[in-house]
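Analysis of the macromolecular model
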Amino acid sequence: MMLYSESLTSYKRLKTREVTIGNLRLGNGHPIRVQTMTTTDTMDTHATVEQTIRCIEAGAELVRITAPSRKEAENLQNIKDELHKRGYHVPLVADIHFTPNAAEIAARIVEKVRVNPGNYVDKKKFEQIEYTDAEYAEEIERIRERFTPLVRICREHGTAMRIGTNHGSLSDRIMSRYGDTAIGMVESAMEFLRIARDEDYHNIVLSMKSSNPQVMVQAYRLLVQHMMQEFGECYPLHLGVTEAGDGEDGRIKSAIGIGTLLEDGIGDTIRVSLTEDPEFEIPVCRDLVKRYAGRAGTGNDEQGMMNREQGTGNGDAAFNIQHSTFNIPFTYGAVPDIKQLPYSPFEYRRRDTYPVGNIGGKQVPVVVADLSRISSITPQHLQSIGYTYDTATDKWTISDSAADYIFTGNQLLNFALPGTLKLIAYPATWEESGDNSHYYPIFSDKGYLEAAARHPQMNFVMIDCFNDLTPVNDFSFLDDLGNDPTVVLCLSSTNLNALQSVRRMFMELGNRGLRNPVILMTDSHWQTPDEHLIHFSAETGGLLLDGFGDGLSLGYGAAAGLDTTRVSGRTYLPVSDIHQFTNNTAFSILQATRTRISKTEYISCPSCGRTLFDLQETTARIRAVTNHLKGVKIAIMGCIVNGPGEMADADFGYVGSGPGKITLYKGKEIVKRNVDSEVAVDELITLLKENDAWVEPSVK
Ligand code: SF4
């Protein structure tokens with residue numbers, strides 16, 4: 001094992017213990033299971049059964065239902081009986097926070113219980129208490145006393161358990177010793193896991209969720225490392241990004257966190273938490289999982305590889321999703337082994353680079369829009385990538401998510417450009433332009449080394465990392481390119497293990513002390529909008545989270561005539577403009593990895609049986625009036641029991657505190673209690689104004 005993964009150069013599932021959840025087996029190489037959680041009131045048996053069935057029919061292999069108190073836990077029996085009566089036997093999971101009594105009832109009824117170690121025994125008071133070693137040990141004993149009965153019930157009834165840590169709800173004890181950190185999350189779960197192991201109970205799954213994909217990824221990696229060090233084995237892992245929000249942003253945030261780990265073979269079951277109806281989470285889960293069906297080590301390589309080449313990307317016949325047929329030049333080029341990792345995968349540190357123009361150094365990553373397929377680029381085309389031209393005033397308006405560069409291929413533009421925009425073209429076209437202040441050439445690695453003419457300030461050089469043509473272990477060309485003060489490297493890979501290939505090239509740059517800035521170039525050959533979003537997010541997000549990349553360029557395959565409908569038939573992401581789609585996706589990936597902030601960030605819970613208002617509608621209303629507040633983080637949470645803890649590092653919180661009542665937060669502090677929901681959005685705006693977080697929206 002390399003630190004936290006079976007392999008960092010090829011796809012290989014992490015070996016985990018096998019867990020049985022009713023009739024379902026999880027871990028130990030079984031397929032990655034997809035799951036979701038109901039949003040209905042658990043006491044409403046009919047509504048919960050109906051929603052559970054919709055989730056099962058969408059493909060959920062496990063369905064979680066909240067059990068906030070004894071009466072909901074007891075009603076799980078009615079829900080389960082009705083489902084069985086109607087022929088549905090998918091395992092149910094009871095979601096528990098704060099109420100051991102409810103857990104002990106539920107564990108006798110359903111196939112799995114989820115406990116949150118941050119609040120199973122402790123009630124969070126946000127107090128920074130100093131614990132002596134003796135006091136700390138006493139607390140652990142108190143947990144053992146309270147938690148052991150549940151462990152014994154689970155063992156006796158064959159019930160599985162998830163120890164589900166959330167970044168936002170760590171206990172005061174953990175916070176006092178480890179702070180709000182990934183290692184604190186790991187220790188929070190390990191305390192409970194040790195108690196369960198002492199009882200010889202192993203039917204356990206673990207999770208380390210956060211709304212920040214960076215924290216989430218680090219916590220899972222650390223957990224794997226700690227389990228291996230302490231027990232010599234790993235328990236299965238349930239992956240998820242909490243409070244990811246809705247729409248494209250929710251999908252992107254989830255795909256970055258979950259996809260980064262899946263790329264390294266980590267994860268036995270996944271849940272994508274969206275502020276949407278739960279059945280709409282399942283196609284996103286399946287789009288994520290099917291990417292790995294054909295990778296080496298999954299046991300169905302040939303079928304999966306064949307399907308991916310045909311554009312189905314799907315090695316599992318159960319996933320009956322239609323795609324058009326097209327050919328993708330993927331290869332299985334060998335990625336050289338890693339002897340030593342020249343960076344820490346457990347903390348974020350941006351790779352050290354020198355600046356070339358506005359790329360690299362301490363500058364935010366740039367976005368390069370590929371307009372090379374437009375036969376004749378006009379000012380109107382630039383509107384798709386954030387530049388709006390007004391003929392009357394002869395002025396450009398530039399949005400916060402305007403691309404920094406456009407790639408024009410062999411095309412010279414015949415109009416004056418907005419001041420901040422620069423062009424990248426093939427060498428002959430650049431030479432023909434005779435314009436070194438707007439045009440920059442892009443070469444192949446060999447082409448650059450042999451070029452008769454080069455730009456005096458900035459040259460882009462493409463490297464396709466570890467495809468089957470690259471002579472493995474021959475990196476001599478890098479020495480010629482490396483540390484040329486004008487060279488920006490553009491790394492891409494047509495290797496099936498593309499992320500691993502590009503990451504391996506970063507290691508090679510690091511080993512050779514090369515500090516050239518790098519643009520990550522990722523092409524997608526998938527078809528639906530969700531598949532594209534997930535592909536771009538997983539392949540580039542995983543690199544950005546490790547501090548790699550000074551820019552992004554997202555491209556699309558020849559067959560990307562994007563479908564505007566989702567698998568469910570519901571239209572979510574109508575894509576009439578591929579350039580706008582890729583540009584917005586690039587900015588959203590940078591935002592979700594917190595490497596470049598260009599818009600408001602929303603942290604909204606997926607809602608559940610505790611939710612006290614229509615979360616989807618309220619989120620849309622708040623988004624409509626605040627989406628011009630660049631960099632402000634607003635949390636919209638369904639209940640006051642878990643909401644404040646789970647909203648992590650939001651600047652402001654809008655939290656349901658009773659029927660028709662909202663409590664507003666600034667950070668973790670309550671500032672307006674029980675506001676009438678009719679006026680709560682206006683009150684939120686007032687709060688933003690009082691805290692200098694508000695600007696008037698520009699009139700369009
Ligand atoms: S914060 Fe949202 S998802 Fe979490 S318990 Fe409350 S209502 Fe349910």
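Please read all numbers here as calculations on a predicted model, not as lab measurements. Numbers given for residues are sequential positions, taken from 1 along each chain in its written order. Only residues with pLDDT of at least 70 get local features here, since the model is predicted, and only at 80 or more are side-chain atom pairs given and counted; chain-wide, interface and lining totals rely on the full set of residues. Think of the side-chain values as coming from all heavy atoms in the structure, minus any hydrogens and water.

1. Looking at the overall build of the protein
Defined as follows: In DSSP terms, a helix is any run of H or I states spanning at least four residues, a strand is any run of E spanning at least two, and both are numbered starting from the N terminus. We call a residue buried when its accessible area falls under 20% of the maximum for its residue type, exposed when it is over 50%, and partly exposed in between, using a 1.4 Å probe and counting protein chains only. Two residues qualify as a contact provided that any one of their heavy atoms is within 4.5 Å of a heavy atom in the partner residue.
The helix and strand tally for the protein stands at 20 helices and 25 strands. Taken over 700 residues, the protein has a buried fraction of 61%. Restricting the contact set of the protein to residue pairs at least 6 apart, pairs at least 24 apart contribute 68%.

2. Some remarks on empty space enclosed by the protein
Counted only if it meets this: Definitions used throughout: a 1 Å grid over protein atoms alone; a cavity as a set of points that fits a 1.4 Å probe which cannot get out; a pocket as an open set with protein on both sides within 12 Å along at least five of seven lines; a lining residue as one with an atom within 4 Å of a point. Grid points are joined across faces, edges and corners, and a volume is the space filled by probe spheres set on the points. Gly is placed with the polar residues, together with every amino acid not listed as nonpolar (Ala, Val, Leu, Ile, Met, Phe, Trp, Tyr, Cys and Pro) or charged (Asp, Glu, Lys and Arg).
Counted by the stated rule, this structure contains 6 cavities of 30 Å³ or more. Its boundaries defined by the atoms lining it, the largest cavity holds a volume of some 350 Å³. Lining of the largest cavity is provided by 25 residues; of these, Asp95, His97, Glu243, Pro606 and Glu646 occupy positions nearest its centre. Residue assignment for the lining of the largest cavity shows that the elements contributing at least two residues are β4 (62–66), β7 (160–166) and α19 (643–646). Among the residues making up the lining of the largest cavity, the classes are represented as 6 nonpolar, 10 polar and 9 charged. Of the volumes computed, that of the second largest cavity is approximately 130 Å³. Along its surface, the second largest cavity is lined by 14 residues, and Ala244, Asp249, Lys253, Glu601 and Tyr602 are the ones closest to its centre. Split by residue class, the lining of the second largest cavity holds 3 nonpolar, 5 polar and 6 charged.

3. Regarding the sheet that holds strand β14 (residues 405–409)
What counts, and what does not: Each pair of strands is called paired provided DSSP finds at least two bridges between the two strands. An axis is simply a line fitted to the C-alpha atoms; with a helix, the fit covers only the stretch in contact. Between two such axes, the angle follows the N-to-C directions and lies from 0 to 180 degrees.
Taking strand neighbours around the barrel as the criterion, the 8 strands line up as β11-β14-β15-β16-β17-β18-β19-β20 in a closed arrangement whose pairing is parallel. Averaged over all neighbouring strand pairs, the angle between strand axes comes to 25°, with direction disregarded. With 4 bridges connecting them, β14 and strand β15 (residues 422–425) associate as parallel partners. Paired with Tyr405 across the two strands is Lys422, which belongs to β15. Contacts between helix α15 (residues 498–511) and the sheet are confined to β17 (459–464), β18 (487–492) and β19 (518–524), with β18 contributing the most and set at about 145° to the helix. Lying over the sheet, helix α17 (residues 578–592) contacts β11 (366–370) and β20 (551–556), oriented at roughly 145° with respect to β20.

4. Section: the confidence of the model for the protein
Rules: Every residue carries a pLDDT, the predictor's confidence in it, which falls somewhere between 0 and 100.
Residues of the protein with pLDDT of at least 70 account for 89%, and the chain-wide mean is 88. Predicted confidence for residues 297–329 stays below pLDDT 50, and this span has 72 contacts to residues more than four positions away or in other chains. This stretch, residues 558–574, has a pLDDT under 50; its non-local contacts, to residues over four places away or in other chains, come to 40 contacts.

5. Overview of the packing of helix α4 (residues 133–157) against helix α6 (residues 182–198)
This is how it is decided: By the definition adopted for this analysis, an angle is roughly parallel if under 35 degrees, roughly antiparallel if over 145, roughly perpendicular if from 65 to 115, and oblique otherwise. We call a crossing left-handed when the near helix sits turned anticlockwise from the far one by less than a right angle, and right-handed when that turn is clockwise.
Interaxial distance between α4 and α6 falls to 10 Å at its minimum, and their mutual angle equals 55°. In this view, α4 runs oblique relative to α6, as classed from their interaxial angle. Here α4 and α6 pass one another in a crossing that is right-handed. Residue-level inspection shows Tyr136, Ile140, Ile143, Arg144, Phe147, Thr148 and Val151 of α4 in contact with α6, the latter providing Glu191, Phe192, Ile195, Ala196 and Asp198. A class-by-class count of the residues in the contact of α4 with α6 yields 8 nonpolar, 1 polar and 3 charged.

6. Concerning the site of the ligand
Our working definition: In this text, near means that some heavy atom of the residue lies within 4 Å of the molecule or strand in question. For a cavity or pocket, the test is whether more than half of a molecule's atoms lie within 2 Å of its grid points; if they do, the molecule sits there.
As a structural note, the neighbourhood of the ligand is formed by Cys605, Ser607, Cys608, Arg610, Thr611, Gly638, Cys639, Asn642 and Gly643. Because more than half of its atoms lie within 2 Å of the grid, the ligand is assigned to the largest cavity.

7. Points about α4
Using the following cut-off: To estimate the expected span of a helix, subtract one from its residue number and multiply by 1.5 Å. The angle between axes fitted to the seven-residue stretch ending at a residue and the seven-residue stretch beginning at it gives the bend at that residue.
The terminal C-alpha atoms of α4 lie 36 Å apart, and with 25 residues this matches the ideal 36 Å at 1.5 Å per residue to within 8%. The largest bend in α4 amounts to roughly 35° and is located at Phe147, with the proline Pro149 lying one to four residues further along. Every buried residue of α4 is listed here: Tyr136, Glu139, Ile140, Ile143, Phe147, Thr148, Leu150, Val151, Ile153 and Cys154. Tucked inside the fold, the buried residues of α4 contact α3 (100–106), β6 (112–115), β7, α5 (172–178) and α6. Gly158 sits one or two residues past α4 and shows a positive phi near 65°.

8. Details of the pattern of salt bridges
Spelled out, the test is: Each salt bridge in this description consists of a side-chain nitrogen of Lys or Arg and a carboxyl oxygen of Asp or Glu lying within 4 Å of one another.
Enumeration according to the criterion identifies 49 salt bridges in this entry. Salt-bridge contacts for Glu539 lead to Arg291; the nearest nitrogen and oxygen are separated by 3.4 Å. Placement of Glu539 in helix α16 (residues 529–545) and of Arg291 in the loop between α9 (281–290) and α10 (301–309) is noted, with a sequence separation of 248 residues between them. We note that Glu539, like Arg291, is buried.

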